[in-house]
Amino acid sequence: MEYPVWWTPFLSGGLVIAIIAIVHVFIAHFAVGGGFYLVLTEMKAVREKSDHILDHVRSHTRFFLLTTMVAGGLTGVGIWFTISVLSPTVTSTLTHSFAFGWAAEWAFFLGEIAALLVYHYYFDSMPRKAHIKVGWVYAFFAFMSLVVINGIITVMLTPGKWAQTHLFWDGFFNVSFWPSLSLRFALCLMFAGLFAFVTAIRIPHEETRERMVRRAAMWVGLPFAAAALSGIWYLLILPDPQQSMVMERSTQTPHLVQAFIPLGIVILVLSLAIAWFRPLSVRRPLVWLVLALGLAQIGVFEWVREAGRRPYLLYGHTYSSSIRVEDVPRVLSEGILKTARWTHIKEITEDNVLEAGKEIYKLQCMTCHGITGPMLSILDKTEKFSVYGMDSQLDGQGKLRLHMPPFLGTVEERRALAAYIVTGLHGRTDETAPPAIRTLQTAIPSFDRETAPYVLLAWSTRGMHSVVEDGALNLAPAGSDLRCQLVRRDSTPEIITSGVTITYRPEDGHGPQGTFAANDDMRAHEALNVAVTPYPQPDTFNPYPVYIVEARDEATGALLAVTKTVVAASGEVACNRCHGGQWAVEDMSGISKATQNDIFAVHDKIQGTDFTAQAAAGEVIRCQSCHDGNSDIPEFSAAIHGWHASYLTGRDADACNGCHPSAPDGATQSFRGIHNMMGLTCTNCHGHMEDHAIGLLRNEIEQERYAARALMEPLKPQQAASAAEIPPREAWTQLPHCSTCHDFMQSPPPDPSAFGQWTASSADLFSNGHDYMAAMMCQACHGATHAVYMADNAWGGMERDNIQPLQYQQMAGPVGGANNCGVCHTRELDMSESAHHPIPQ
Amino acid sequence: MNPAALIPPADSIPVHWAWLEGFLLLTFGFHLLFMNSVVGSAVIATVRAVTRPQDPAPTLLGKALPSLLALTINFGVAPLLFAQVLYGGFLYTSSVIMAVYWLGLIFVLIAAYYLLYGFSGSRRKKKNGTVFIAAACALLLFTGFVLVNNVTLMLSPDRWVGYFEKQDGSMLNLGDPTLWPRILHFLLACLAVGGLTLALLARRAAHKGTISADVSASLTHDGLRWFFWSTAAQMLAGPFFLFSLPRQLTTAFMGRHGLGTALLLAGTVCGLAALHFAWRSRLRLTIAFTAGAVALMVGVRSVLRTLYLAPWFSAADIPSEGQYSPLILFFGSLLLTGALMVWVLRLALNGRRQHGNATANGTEGEG
């Protein structure tokens, strides 16, 4: 944030560090262990009075010098140069906080160099005993340099008290210091054995050669147990966020942790093979292989250590984006562009959005994500996103999946970054052609008000109903609930619940048909779970099919009454905005295979499931089969809202419109009734996304499904001061209560909120409710939820959703409204005296 | 854009800044001497390998070059550390701006190092090794070029705005009028100390008996000549460098700044003394006064840096945390290292005197 950023579009900084660092530590561990190997082997040569062994030590010393002094030493400096350039902020913290640790390290390097130069150049011009002493001096300095650097490396992962005190010794002797030192020293000795093979296999004297090769194998084998145990000790000693990141939450490290010991075993076996197989032509490639595996093993360890530290470079102190934790509040309130020093864009305007986005990308993303390149290329990682999706991803970043830091900046900056990535880099915008909504004609059935003996009111309980049964993904099974009430018209009308057969069938012949069953408690007939889908004909989208409902005398089969109703079912669930892919059907609806595959892949990655393979094998993945509320897993509504709420914060109904078919410019426009016409949005009743999710999650916690806690933790309610103020609610049974706004005395206020006032149980739901006489169901006269009369249907205008009001009273609006009591009552009545419920005038 | 707005804030330092500046100057002095030696020796070895194919000088120098480079790099680490602690806001910034070159140095140095070993090995096999030494020499000179760019860019926040046109880490400081004068000054210093190195190695080799007294005398004479003429040229290059500085900095060293002027004068006097003794072939005194000149010039350089940065920054203003126990750790490590190094060198030199032991017997052998 304080320093300029090196623009590296072709590679990621992490890869540069990884290459230089892993090469360095491989050689550097050899430099430490090899020092002990050399001097102990020289002592053996003296003990056995063996010039052959001494020759081996001499030639190994030369090899040692050329490898460790040059490549080893300089790659160490290389790490320092690299981190200085990729994160001057953290490098500055480390050099300043541990200046004299680094300085002591330098002093020990000086001693190492001097001792090694003497050991090599004076190999044959000193008494042997004196030369051995020099060897021990070298080994001592090498070990001390390991001790010092170990303190500094481990503090980055487990800073402990240093984070508060900034005291050198609190940081140096942190909690992972000793296990790390133990593990590294064991690896030093093992690598000494691996590198010893290089020269040992070429000893000319056969007996010595075989002895030294076997001895090298021992050097690999004997410390292995210590290395394995130290590794386990290291894992156990890690404090919690770091430990769970390494063992569970990272998508990389759990596999690497599991690979560490098996890799060691393979190295052991190969070492034994080198000892066993004598021909040089076999040994040479085996030695190369075992060295490569040694490099891989230390690489695995270092990768685990580095990845376990995410999202920080210095745990709890500085993020991977080199922004210090203490600076976060300032960055969030003022924005990254204003707080960063090296930007020439301080303000986002209409004209510089992409350029501003590029600056923000450089400041927060470039350090790990090159634009192209072999590792973490941003083009690869963001291929699937729309601008909206990218923005949502950034919104949720670092909240539930903690391997990345959160996006730090204003919402405007976040959007600029999303625009830069998707539009600037991928060349895509979110502009699409408007959906190809067809005009559907609706023939209103006739009704003779003078003579008709019955009024048949029929409806689908849900005016907004998502159906996703697409290929392998079953996210929202088809199943509409139809209800109807047959009223015999009279001065005091009667609801008929027996002696009639009421049937339903699709008007255009495509779809299920069947018979209603009587429900005496409801004083209605119902047909539950009718599998109406948005695709009555293949590859054709129709979210508003009309169903004909006919009531017949059970005995005679005479037709008593006919009506029609829309049974809404839409597949316009826009997962593709974030999960990639296109719509499956007519560019308006349905989750395509590409989108599904991404959903499965992401779920597999985060939750450790195997959906991708299962789907490829032809299985159908039904979300509610696990998210059923009967295990520890959050039930479906809580899970899907609880997860996605972190990605859709600070928004209004546009958060809802992303997944529900309610977007006012979308293909379905499900929210279409009187409430919509009055200017209300989803949030008036259901609350904003975060609040909505919190209600569901609090209920999960009450049901002792505690996984919901992690989902709830990052959420900040919009409509309450804290999550504790939001009442828990059970999905589908506790929903907004109409009486919150409608007290039947006066009209509701202009911008009401029914959020937080839930029905106590499903009995109080609008869709299950009755009038004051417990006679007519609310929906009989008022219509389906979200399409409450009068409703304006995007596909069928003012007719399609108002069929029964138009049929019975030639006027869209509640049945019986505007003094149309005569629809059912065959005598004059005054609406203001209605026994159904008071009607404000 | 106001350059001051670009300067990152200084992180607090562990102890009083004078300690850190002191360590910086001390270790940098050693680095300069080793660096001058290795670069100068590499140039001389290259010239001699090209112009005099069977010349013993390149062989003599070739044996020492890898170790000299090792010590140069090691003694480069310490001042780089202390410079980052005191001037990190400037040094990290300039390093990022020229990141490609800065990181490239690692590979350049690894290559140069292996080439020097290659050269030494070549000469041991009685081959010319010209390609090795010429390539190594070029790489070492390039290293110096990159370093000078970095340290001059570090001192010039007003030039940092160039970053906004070139963010890919490839910006150098070529527009700085002090760049080439500074490089010339350092190059001549390298040739001078390289000459002294040749002379010193020639004397030592004669003492050990690996070359004859005549050859030694000739090489010593050559080395001192290299020293003499490059230091004489330095008497012009120095003022050239001085006058290439911004006007107020030039005048600072011409009387306005007491300490700076005194150091510069004293350093110049040492240089002149070294010239005198070189003319008289008094190697030890030449070396002593050269070391004195370098030490004083390190002081001059420190004053110059302070004056360059004065409009923006003063190290004395950085808050100190007063954590002295790690400093004691460092002193302890230095003492320990120093003691053990002395012991090791004693063992080596004593051992050589006793003609050593090429066998595993542990007793004195034929050697």
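Cut-offs and rules
Residues numbered from 1 in each chain as written. Chains lettered and ligands numbered in written order. Predicted model: local features only at pLDDT ≥ 70, side-chain atom pairs only at ≥ 80, totals over all residues. Heavy atoms only, no water. Helix = DSSP H or I, 4+ residues; strand = E, 2+ residues; numbered from the N terminus. Rg over C-alpha atoms; globule rule 2.2 N^0.38 Å. Buried < 20%, exposed > 50% of the residue type's maximum accessible area, 1.4 Å probe, protein only. Areas by Shrake-Rupley, 256 points an atom, 1.4 Å probe, with all protein chains shown as cover. Phe/Tyr/Trp six-rings, centres within 6.5 Å; stacked < 30°, edge-to-face > 60°. Lys NZ or Arg CZ within 6 Å of the ring centre and 35° of its normal. Pairing = 2+ DSSP bridges. Axes fitted to C-alpha atoms, helices over the stretch in contact; angles between N-to-C directions. Parallel < 35°, antiparallel > 145°, perpendicular 65-115°, else oblique. Contact = heavy atoms within 4.5 Å. Nonpolar A, V, L, I, M, F, W, Y, C, P; charged D, E, K, R; others polar. Patch = residues over 30% accessible without salt bridge, like charges linked within 9 Å, V, L, I, M, F, W, Y side chains within 5 Å. Salt bridge = Lys/Arg side-chain N within 4 Å of Asp/Glu carboxyl O. Buried area = accessible area lost by both parts, 1.4 Å probe. Polar contact = N/O pair within 3.5 Å; in protein donor to acceptor, adjacent residues only side chain to side chain. 1 Å grid on protein atoms, 1.4 Å probe; cavity = no way out; pocket = protein on both sides within 12 Å on 5 of 7 lines; lining within 4 Å. Points joined across faces, edges and corners; volume = space filled by probe spheres on them. Domains from an automatic or database assignment. Lys, Arg positive; Asp, Glu negative; His and termini not counted. Charge placed at Lys NZ, Arg CZ, Asp CG, Glu CD. Expected span 1.5 Å × (residues − 1).

Draft legend 1. Focus on the overall build of chain A. Secondary structure summary: chain A contains 32 helices and 16 strands in total. In terms of C-alpha radius of gyration, chain A reaches 37 Å, well past the compact-globule figure of 28 Å for 841 residues. Summarising its shape, the C-alpha atoms of chain A cover approximately 130 × 55 × 45 Å along the three principal directions. For chain A, with 841 residues in total, the buried portion stands at 59%. For chain A, the accessible area works out to roughly 33700 Å², and carbon and sulfur atoms hold 58% of it.

Draft legend 2. Spatial organisation of the packing of aromatic side chains. Going through the model one piece at a time under the given rule, you end up with 66 aromatic pairs over all chains. The rings of F100 and W106 of chain A together with W19, F23, F30, F34, F75, F82, F330 and F331 of chain B are connected pair by pair, giving a single aromatic cluster. The positively charged end of K358 of chain A is found above the aromatic ring belonging to W7 of chain A, 4.9 Å away from the centroid. Over the ring of W758 of chain A we find R729 of chain A; its NZ or CZ atom is 5.3 Å from the centre of that ring.

Draft legend 3. Spatial organisation of unusual backbone geometry. All names here are of chain A. For the bond running from R310 to P311, omega is 5°, close enough to zero to count as cis. In this structure, P311 sits in the loop between helix 13 (280-308) and strand 1 (312-314). In this structure, the amide linkage connecting Y789 to the following residue, M790, adopts the cis form with an omega of 0°. Relative to the elements of secondary structure, M790 occurs in the loop between helix 30 (778-782) and helix 31 (797-800). Even without glycine at this site, D539 takes up a positive phi of about 55°. Here D539 is to be found in the loop between strand 11 (524-530) and strand 12 (546-553). On the basis of relative accessible area, D539 is assigned to the exposed category, the value being 59%.

Draft legend 4. Main features of the sheet that holds strand 4 (residues 468-470) of chain A. Residue and element names in this part refer to chain A. The strand order across the open sheet built from three strands is 4-5-16, with neighbouring strands paired in mixed fashion. A strand with exactly one partner marks an edge of an open sheet, and here the two such strands are strand 4 and strand 16 (621-622). Two strands pair when backbone bridges link them, and strand 5 (residues 473-476) and strand 16 are joined in this way by two bridges, in the parallel orientation. Paired with N474 across the bridge in strand 16 is R622.

Draft legend 5. Molecular detail of the packing of helix 2 (residues 56-97) of chain B against helix 5 (residues 179-208) of chain B. All names here are of chain B. In the contact formed by helix 2 and helix 5, the axes pass within 10 Å of each other and the chain directions differ by 105°. By the angle between their axes, helix 2 is roughly perpendicular relative to helix 5. Side by side, helix 2 and helix 5 meet where A57, L60, L61, A64 and L68 of the first sit next to T197, L198, L201, A202 and A205 of the second. Tallied by class, the residues present in the contact of helix 2 with helix 5 amount to nine nonpolar, one polar and no charged.

Draft legend 6. View of a nonpolar patch on the surface. Nonpolar side chains collect at one region of the surface, where W169, F173, W178 and W233 of chain A together with L329 of chain B lie side by side and expose about 510 Å² of accessible area between them. By the element assignment, W169 of chain A lies in helix 7 (residues 168-172). W169 of chain A gets classed as partly exposed once you look at its relative accessible area, which sits at 34%.

Draft legend 7. Spotlight on the pairing of strand 8 (residues 500-506) of chain A. All names here are of chain A. Judged by which residues are buried, strand 8 turns out to be one-sided: V500, I502, Y504 and P506 face inward and are buried, whereas T501, T503 and R505, on the alternate face, are not. Sheet topology note: the strand 8/strand 12 ladder contains seven bridges and is antiparallel. Looking across to strand 12, one finds that V500 is bridged to D553.

Draft legend 8. Representation of the interface of chain A and chain B within the structure. Each side of the interface is counted separately: chain A has 78 residues, and chain B has 86 residues. Together, the buried faces of chain A and chain B total about 7100 Å²; carbon and sulfur atoms form 73% of this surface. The largest share of the area that chain A buries against chain B comes from F100, W106 and W342 of chain A, three residues that together contribute 13% of it. The interface formed by chain A and chain B includes one salt bridge. Between D11 of chain B and R324 of chain A there is a salt bridge, and its shortest N-O distance comes to 3.2 Å. Joining chain A to chain B, the criterion identifies 19 residue pairs in polar contact (both at pLDDT 80 or more). Going through the elements one at a time, helix 1 (13-47), helix 2 (51-86), helix 3 (88-97), helix 4 (99-121), helix 5 (128-157), helix 7 and helix 16 (353-364) of chain A are the ones with two or more residues in the side of chain A that touches chain B. For the side of chain A that touches chain B, the element with the most residues is helix 2 of chain A, which contributes 19 residues. Residue composition of the side of chain A that touches chain B, by class: 49 nonpolar, 17 polar and 12 charged.

Draft legend 9. Focus on the sheet that holds strand 13 (residues 559-566) of chain A. Residue and element names in this part refer to chain A. The strand order 9-8-12-13 describes an open sheet built from four strands, whose pairing is antiparallel. Lying at the two open borders of the sheet, with one neighbouring strand each, are strand 9 (514-515) and strand 13. Where strand 8 and strand 9 come together, two bridges link them in antiparallel fashion. In the strand pairing of strand 9, Y504 is matched with G514.

Draft legend 10. Main features of the pattern of salt bridges. On inspection of all chains with the given rule, the structure shows 39 salt bridges over all chains. The partner of E302 of chain A in a salt bridge is R184 of chain A, and the shortest N-O contact between them spans 2.7 Å. Taken together, the residues E302 of chain A in helix 13 and R184 of chain A in helix 8 (residues 177-200) connect sequence positions 118 residues apart. When its relative accessible area of 6% is taken as the criterion, E302 of chain A is described as buried. The exposure class of R184 of chain A is buried, given its relative accessible area of 2%. Across the pair D55 of chain B and R48 of chain B runs a salt bridge whose closest N-O atoms are separated by 2.7 Å. The residues D55 of chain B and R48 of chain B share a single accessibility class, namely buried. It is possible to trace a salt-bridge network through shared partners that takes in D391, D395, K399, R414, R415 and R651 of chain A.

Draft legend 11. Here's a closer look at the packing of helix 4 of chain A against helix 10 (residues 325-353) of chain B. Where helix 4 of chain A meets helix 10 of chain B, the closest approach of the two axes is 8 Å, and the angle between their N-to-C directions is 5°. By the angle between their directions, the pair helix 4 of chain A and helix 10 of chain B is classed as roughly parallel. Each residue belonging to the contact of helix 4 of chain A with helix 10 of chain B can be placed in one class, and the counts come to 21 nonpolar, four polar and one charged.

Draft legend 12. Expanded view of empty space enclosed by the protein. Residues and elements named next belong to chain A. For the structure shown, the criterion picks out three cavities of 30 Å³ or more. Along the walls of the largest cavity sit 17 residues, with P4, V5, L86, P88 and S322 positioned nearest its centre. Those elements giving two or more residues to the lining of the largest cavity turn out to be helix 2, helix 3 and helix 16. No fewer than three residues from each of domain 1 (13-319) and domain 2 (327-425) sit in the lining of the largest cavity. T565, V566, A784, Y789 and D801 are the residues nearest the centre of the second largest cavity, which is lined by 19 residues in total. Elements that contribute at least two residues to the lining of the second largest cavity include exactly strand 3 (454-460), strand 13 and helix 32 (803-809). Looking at the lining of the second largest cavity, its residues break down into eight nonpolar, six polar and five charged.

Draft legend 13. Representation of a positive patch on the surface within the structure. Residues R62 of chain A together with K63, R124, K125, K126, K127, R204 and K208 of chain B make up a contiguous surface patch of positive charge. Structurally, K125 of chain B can be placed in the loop between helix 3 (99-124) and helix 4 (130-154). The class for K125 of chain B is exposed, based on a relative accessible area of 60%.

Draft legend 14. Seen up close, the domain arrangement of chain A. Once the domains are mapped, chain A shows domain 1 (13-319), domain 2 (327-425) and domain 3 (455-560). Here domain 1 of chain A and domain 3 of chain A have C-alpha centroids that lie 74 Å from each other.

Draft legend 15. A look at the layout of surface pockets. Counted as a void, the second largest pocket has a volume near 2300 Å³. In this structure, the second largest pocket is lined by 48 residues; those nearest its centre are Y122 of chain A together with L201, R204, K208 and R352 of chain B. Elements with a contribution of two residues or more to the lining of the second largest pocket: helix 2 and helix 4 of chain A together with helix 1 (17-51), helix 2, helix 3, helix 5, helix 9 (283-309) and helix 10 of chain B. When residues of the lining of the second largest pocket are assigned to their parent elements, the largest contribution, nine residues, is made by helix 5 of chain B. In terms of residue class, the lining of the second largest pocket is built from 27 nonpolar, 12 polar and nine charged.

Draft legend 16. Expanded view of helix 19 (residues 411-425) of chain A. Residue and element names in this part refer to chain A. With 15 residues, helix 19 extends 20 Å between its outermost C-alpha atoms, agreeing within 8% with the 21 Å of an ideal straight helix rising 1.5 Å per residue. Along helix 19, the positions that sit buried rather than exposed are E413, R414, A416, L417, A418, A419, Y420, I421 and V422. Structurally, helix 19 contributes buried residues whose contacts are with helix 15 (336-339), helix 16 and helix 18 (387-396). Following helix 19 by one or two positions, G427 has its phi on the positive side, about 75°.

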